[in-house]
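Observations on the model geometry
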Amino acid sequence: MDSFFSYSVLKINFNKKFYDLFSIEDALKVFGEFFSSKVNVGETCFVVELNFLDKEGDIVVVKEFCNYVLGLVHDNRHGRAQI
Amino acid sequence: METISFDLKEKDAAVVIKINSKIYPLHTVYSASYVFLDRCYIMLDGDPEKEILVELRLKKDSNLELGVLAREFFNELLNYAFYEEQSRKNAPLRNTLLQAALFSGSDVGEMVEDDVDWSELDDLEGEEIEDPEGIAVPWEERYGDSEKVDQVVVSEFEKSFKEAD
């Protein structure tokens, strides 16, 4: 069934020292309507594979996704803990 | 200046800022980045214990200049570094005030009960209140029991309805 669709795959490397897996997964749930995804845990990076149904993929969505992840990292580390 | 430097990549409309993490720690960089999320796309890389790399990339149709954006980022870094330093200095005082507020609640209650002179309140209850308009009359005292009250209300409503016509 998958062969019916043509995917374009895009990989993003998130440095483990700056980003955490929970934030990435939470962001992926939010952006789930734009692409399907898979996260591989590398030695130094979380490698996020994004599969777009559209061949080109929307690079703006990907950049917004990266920003969203960073926002969640900040919230997890500072926002919720800071009273 | 080795503390902070940045490389402009005009071709990609991006700038990479190199930050010495001994001057500006990671949480300061996070806070400054958070402020810039609506103005540009940001990616963090490098080593949090040595050199942090912040890539700022302009958004589509953005009118901002990368150089200005990078320098504003430096200012934001300094702003948060100062805020966190002040916060660290004030932490003992803040904690003391918070503890005093939280743990002295019951003592405050007892203190209030002991110190209040309730006889003043009794004196107030005994005083006659001036009521020139006659407002302070209970409903039952004015209209009697509840059935009579209902009749009076209905008749007053009908009267006002006719007057309106």
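Quick look at the structure, then. (Residues numbered from 1 in each chain as written. Chains lettered and ligands numbered in written order. Predicted model: local features only at pLDDT ≥ 70, side-chain atom pairs only at ≥ 80, totals over all residues. Heavy atoms only, no water.)

1. Remarks on the packing of aromatic side chains
What the rule picks out here adds up to nine aromatic pairs over all chains. Where Phe14(A) meets Tyr19(A), the ring centres are 4.9 Å apart and the plane angle is 65°; that geometry is what we call edge-to-face. Here Phe35(A) and Phe65(A) contribute two aromatic rings whose centre-to-centre distance is 5.6 Å and whose plane-to-plane angle is 85°, an arrangement assigned as edge-to-face. A residue pair is termed long-range when its members are at least 10 positions apart, and Phe35(A) in the loop between α1 (21-30) and β2 (36-41) and Phe65(A) in helix α2 (residues 59-79) qualify at 30 residues. Phe65(A) carries the same exposure label as Phe35(A), and that label is buried. A cation over an aromatic ring shows up here: Lys16(A) above the ring of Phe46(A), its NZ or CZ 5.7 Å from the ring centre. The positively charged end of Arg39(B) is found above the aromatic ring belonging to Phe36(B), 4.3 Å away from the centroid. (Phe/Tyr/Trp six-rings, centres within 6.5 Å; stacked < 30°, edge-to-face > 60°. Helix = DSSP H or I, 4+ residues; strand = E, 2+ residues; numbered from the N terminus. Buried < 20%, exposed > 50% of the residue type's maximum accessible area, 1.4 Å probe, protein only. Lys NZ or Arg CZ within 6 Å of the ring centre and 35° of its normal.)

2. With respect to a nonpolar patch on the surface
Taken together, the side chains of Leu98(B), Leu102(B) and Phe103(B) make up a nonpolar region of the molecular surface, amounting to roughly 380 Å² of accessible area. Looking at the element boundaries, Leu98(B) is found in helix α2 (residues 66-103). (Patch = residues over 30% accessible without salt bridge, like charges linked within 9 Å, V, L, I, M, F, W, Y side chains within 5 Å. Areas by Shrake-Rupley, 256 points an atom, 1.4 Å probe, with all protein chains shown as cover. Salt bridge = Lys/Arg side-chain N within 4 Å of Asp/Glu carboxyl O.)

3. Concerning the nonpolar core
One finds Phe14(A), Phe65(A) and Val54(B) to be the most contacted residues of the largest nonpolar core, which totals 44 residues. Looking at this core element by element, the count peaks at eight residues for α2(A). Apart from the residues lying within four places of it in its own chain, the contact partners of Phe14(A) are Tyr19(A), Ile24(A), Thr44(A), Cys45(A), Phe46(A), Val48(A), Phe65(A), Cys66(A), Val69(A) and Met43(B). (Core = buried A, V, L, I, M, F, W, Y, C linked by side-chain atoms within 4.5 Å. Contact = heavy atoms within 4.5 Å.)

4. Digging into the pattern of salt bridges
Residue and element names in this part refer to chain B. One pass over the structure, following the stated rule, counts six salt bridges over all chains. Where arginine 39 meets glutamate 72, a salt bridge forms, and the shortest distance between an N and an O atom there is 2.7 Å. Pair noted here: arginine 39 is in the loop between α1 (26-36) and β3 (40-46) and glutamate 72 is in helix α2, with a separation of 33 residues, a long-range link. Close ionic contact of glutamate 55 with arginine 57 constitutes a salt bridge, the shortest N to O distance being 3.2 Å.

5. Points about the sheet that holds β2(A)
Strands in a sheet are paired, the pairing made by backbone hydrogen bonds, and the direction either parallel or antiparallel. Residue and element names in this part refer to chain A. Pairing is antiparallel in the open sheet, where three strands are placed in the order β1-β3-β2. Looking at strand neighbours, the two that pair on one side only are β1 (8-15) and β2, the edges of this open sheet. If you compare each strand with its neighbour and ignore which way they point, the axes differ by 20° on average. With respect to the sheet, α1 is in contact with β1, β2 and β3 (45-52), its orientation differing from that of β3 by roughly 10°. (Pairing = 2+ DSSP bridges. Axes fitted to C-alpha atoms, helices over the stretch in contact; angles between N-to-C directions.)

6. Regarding the interface of chain A and chain B
With 20 residues of chain A at the interface, the matching set in chain B holds 20 residues. Roughly 1800 Å² of surface becomes buried between chain A and chain B when both sides are summed, with 62% attributable to carbon and sulfur atoms. For the chain A face of the interface with chain B, the top three residues by lost area are Phe18(A), Asn67(A) and Leu70(A), together amounting to 34%. At the junction of chain A and chain B, the tally comes to two salt bridges. For the salt bridge of Asp47(B) with Lys17(A), the shortest nitrogen-to-oxygen distance reads 3.7 Å. (Buried area = accessible area lost by both parts, 1.4 Å probe.)

Any link to function would need more than the numbers given here.
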